[in-house]
Amino acid sequence: MGRFEFRVIDSHTAGEPTRTIVEGGPDLSHDPSTGKPLVTIAEKLQCMRSHFDGYRRAIVNEPRGSDVMVGALLVQAEHSDAHDGVIFFNNVGYLGMCGHGTIGVVETLRYLGRLHPGVCILDTCVGSVTAELPDSNRITIENVASYRDATQVPMELPGLPILYADIAFGGNWFCLVDCPDPSWLDRSPGDLISLTQSILAKVQEAFPRVDHVELFGPPRDASNHSRSFVLCPGGAYDRSPCGTGTSAKLACLAVDGKLPPSQVWRQESIIGSVFEASYHWIDQRTGRIAPRITARAFVNADCRIVIDSDDPFAWGIPQ
């Protein structure tokens, strides 16, 4: 095969990285096995998983990437009013949506001159997301419909008080837990990862589709409403407040009557970065909301990935 290259743009949103393939990625217009045209983002994602997963591993796994890196691939949009489609992935697989990643992709497209201030739509495999670009890098997205599936689910874990979880969808599936002790979020990241992995294993016994856990406690900054720690699939923790997790949290606050529509909720991350969030009702009867997330994103690298057939780890170190 020799050697070939493709281009990626790195960004971070509130501290959480996104690496976007912008040139030279796989052709997902047709299924390479059948020749069938691929129209939906879900079809393109399945094709990438089945035939081109090396691209995922090459850019998010070591030796080029890390467990915390989220990747994105720009593809042909599914709907005529959308600017692009996007497939999100991480060190162990594919994501339905990614809030910080969407904001990072939008800032990347602005950096490339493909987007200008205004409103654009991006298609994902779980629905379309609207992005508002002002003249700065402070971007607002309106996420896919978010809702709570179960509330006050009791969990018994060795050595811990009984925990009560909400199960909610914000583009990905979350187990949301209020910390019974405010000091929990002052533990080391390693301790919090271990704790949330135990919670995830327990909650998946009843809710197998849940793949994220988010702990909530009081903020360090009194101007914020809450502080959180988010365990992502693959064992890394989110440096940002997590866009899909914040969307899931808003859905719970909305149905509990704890946050009125359009009122801003300031979600603080474990590293102190902040997302500003609000929502409007889609269907109050079913508890479905449209969350809005505002954050700043910055492009911090523009480079070419080199795939050399002589390199045993050219496509990443397997997880």
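First things first, this report covers the structure right here in the doc. (Residues numbered from 1 in each chain as written. Predicted model: local features only at pLDDT ≥ 70, side-chain atom pairs only at ≥ 80, totals over all residues. Heavy atoms only, no water.)

## A few points about the overall build of the protein chain
- Helix and strand content of the protein chain: 5 helices and 16 strands.
- Over its C-alpha atoms the protein chain spans a radius of gyration of 19 Å, differing by no more than 12% from the 20 Å that the globule rule assigns to 319 residues.
- Structurally, the protein chain occupies a C-alpha span of about 55 × 45 × 35 Å along its principal axes.
- Here the protein chain, with 319 residues, has 54% of them falling under the buried criterion.
- Residue pairs at least 24 apart in sequence account for 62% of intrachain contacts in the protein chain once pairs closer than 6 positions are excluded.
- Treating the 27 positive side-chain charges of the protein chain as one cloud and the 38 negative ones as another, the clouds have centres 1 Å apart. (Helix = DSSP H or I, 4+ residues; strand = E, 2+ residues; numbered from the N terminus. Rg over C-alpha atoms; globule rule 2.2 N^0.38 Å. Buried < 20%, exposed > 50% of the residue type's maximum accessible area, 1.4 Å probe, protein only. Contact = heavy atoms within 4.5 Å. Lys, Arg positive; Asp, Glu negative; His and termini not counted. Charge placed at Lys NZ, Arg CZ, Asp CG, Glu CD.)

## Section: helix H1 (residues 41-51)
- Restricting attention to buried positions, one finds in H1 the residues Ile 41, Lys 44, Leu 45, Cys 47 and Met 48. Buried residues along H1 cover an arc of 160 degrees about the axis, so they all sit on one side.
- Residues of H1 that are buried make contact with helix H2 (53-60), strand S3 (70-75), strand S4 (84-89), strand S5 (94-95) and strand S6 (118-124). (Arc of directions from axis to C-beta.)

## A few points about the pattern of salt bridges
- Taken as a whole, this structure holds 21 salt bridges when the rule is applied.
- Taking the shortest distance from any N to any O, the salt bridge between Arg 7 and Asp 302 comes out at 2.7 Å. Of this pair, Arg 7 sits in strand S1 (residues 3-13) while Asp 302 is found in strand S16 (residues 288-308), placing the two residues 295 residues apart along the sequence.
- A relative accessible area of 18% means that Arg 7 is categorised as buried. (Salt bridge = Lys/Arg side-chain N within 4 Å of Asp/Glu carboxyl O.)

## Quick word on unusual backbone geometry
- Note that the residue after Glu 62, namely Pro 63, is joined by a cis bond; omega there is 10 degrees.
- Of note, Pro 63 is situated in the loop between H2 and S3.
- The residue Gln 152 is not glycine, and still its phi comes out positive at about 50 degrees.
- In this fold, Gln 152 is placed in strand S9 (residues 147-155).
- Of note in this structure, Ser 262 is not a glycine but carries a positive phi near 75 degrees.
- Positionally, Ser 262 belongs in the loop between helix H5 (243-255) and strand S14 (265-268).
- On the accessibility criterion, Ser 262 (58% relative accessible area) is exposed.

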